[in-house]
Amino acid sequence: SFVLLAAVCNGTLAVPQKFVKGFAWENTWGAFYLFAMVMIPGVFAILFLKGGLATWHHVGLVRVLIPIAFGFLWGCGMTCFGLGISSLGISLGYSIIMGLSVLVGSVVPLLSQHGTEVFTVAGLLAIVGIAICTMGVAVCGRAGALRARPGAAAGPLPSRAPVRWYSCPLSCRA
């Protein structure tokens with residue numbers, strides 16, 4: 001149930017930006033960090049961990065600082081994510097950023113940990129699945145870019161010549 005809650009929170013984290021366009025990104029992401037990085041984990045730790053401080057003392061300072069360092073790096077990445085969303089808009093930014101994350105996060109472990117299995121049936125199916133996901137993200141990004149155009153009507157989109165956006169999410173242009 002916590003995985004489902006985390007998935008819903010991750011999928012909707014950029015939605016509030018749609019309603020706070022008058023605020024600087026530092027304000028909205030500052031509130032996000034306060035809740036997501038300090039308050040919610042603190043409450044969960046108090047509720048579900050017994051002897052958390054004693055465990056930290058037992059494992060030593062270095063083993064506690066390593067996850068904190070990676071958490072800091074993740075926070076830097078999320079700040080860049082927030083800037084990307086603010087710069088590109090929710091639909092286009094989210095589809096490009098998350099699409100690249102899925103692509104790199106799937107291909108790098110596949111190649112680095114299972115490089116010998118890439119050309120097996122299972123490896124090729126994984127690559128086909130990654131390609132389908134990437135194309136789906138590209139379609140969503142393209143739809144978001146078309147919808148976000150200034151003066152875009154709520155009706156059907158005008159027909160136009162085929163666009164070569166299907167090969168890579170980065171080739172989507174508004």
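What counts, and at which threshold
Residues numbered from 1 in each chain as written. Predicted model: local features only at pLDDT ≥ 70, side-chain atom pairs only at ≥ 80, totals over all residues. Heavy atoms only, no water. Helix = DSSP H or I, 4+ residues; strand = E, 2+ residues; numbered from the N terminus. Buried < 20%, exposed > 50% of the residue type's maximum accessible area, 1.4 Å probe, protein only. Contact = heavy atoms within 4.5 Å. Areas by Shrake-Rupley, 256 points an atom, 1.4 Å probe, with all protein chains shown as cover. Phe/Tyr/Trp six-rings, centres within 6.5 Å; stacked < 30°, edge-to-face > 60°. Axes fitted to C-alpha atoms, helices over the stretch in contact; angles between N-to-C directions. Parallel < 35°, antiparallel > 145°, perpendicular 65-115°, else oblique. Left-handed = near helix turned anticlockwise from the far one by under 90°. Core = buried A, V, L, I, M, F, W, Y, C linked by side-chain atoms within 4.5 Å. Disulfide = S-S within 2.5 Å.

## Remarks on the overall build of the protein
If you tally the helices and strands in the protein, you get six helices and zero strands. Going from N to C terminus, the protein has its helices and strands arranged as α-α-α-α-α-α. When each of the 174 residues of the protein is scored for burial, the buried share is 18%. The contacts of the protein with a sequence gap of at least 6 include a subset with a gap of at least 24, amounting to 62%. Of the roughly 12,700 Å² of accessible surface on the protein, a fraction of 75% belongs to carbon and sulfur atoms.

## Some details on the packing of aromatic side chains
In the structure shown here, the tally under the stated rule is one aromatic pair. An angle of 50 degrees between the planes, with centres 5.6 Å apart, marks the rings of Phe44 and Phe48 as tilted. In this pair, Phe44 and Phe48 both sit in helix α2 (residues 25-48), four residues apart, roughly one turn of the helix. The partly exposed category is assigned to Phe44, whose relative accessible area is 31%.

## Regarding helix α3 (residues 52-59)
Since one α-helical turn is 3.6 residues long, residues separated by three or four positions face the same way. Judged by how many residues are buried, α3 sits mostly at the surface: zero of eight residues are covered. Phi turns positive, to about 95 degrees, at Gly60, one or two residues after α3.

## Things to note about the packing of helix α4 (residues 61-88) against helix α5 (residues 90-113)
Closest axis-to-axis distance for the α4/α5 pair is 7 Å, and the angle between their directions is 140 degrees. Judged by the angle between their axes, α4 and α5 are oblique. When the axes of α4 and α5 are compared, the crossing they make is right-handed. Between α4 and α5, the contacting residues are Phe81, Gly84, Ile85 and Leu88 on the first element and Ile90, Leu92, Gly93, Tyr94, Ile97 and Met98 on the second.

## Focus: the nonpolar core
Listed in full, the six residues of the largest apolar core are Trp29, Tyr33, Met78, Phe81, Ile85 and Tyr94. Sorting the residues of this core by element identifies α2 and α4 as the ones contributing at least two each. Element by element, the count of residues in this core is highest for α4, at three residues.

## Structural notes on the state of the cysteines
One pass over the full model with this rule turns up zero disulfides. There is no disulfide at Cys80, and the cysteine sulfur nearest it, in Cys76, is 7.1 Å away. Residue classification places Cys80 among the exposed residues on the basis of a relative accessible area of 54%.

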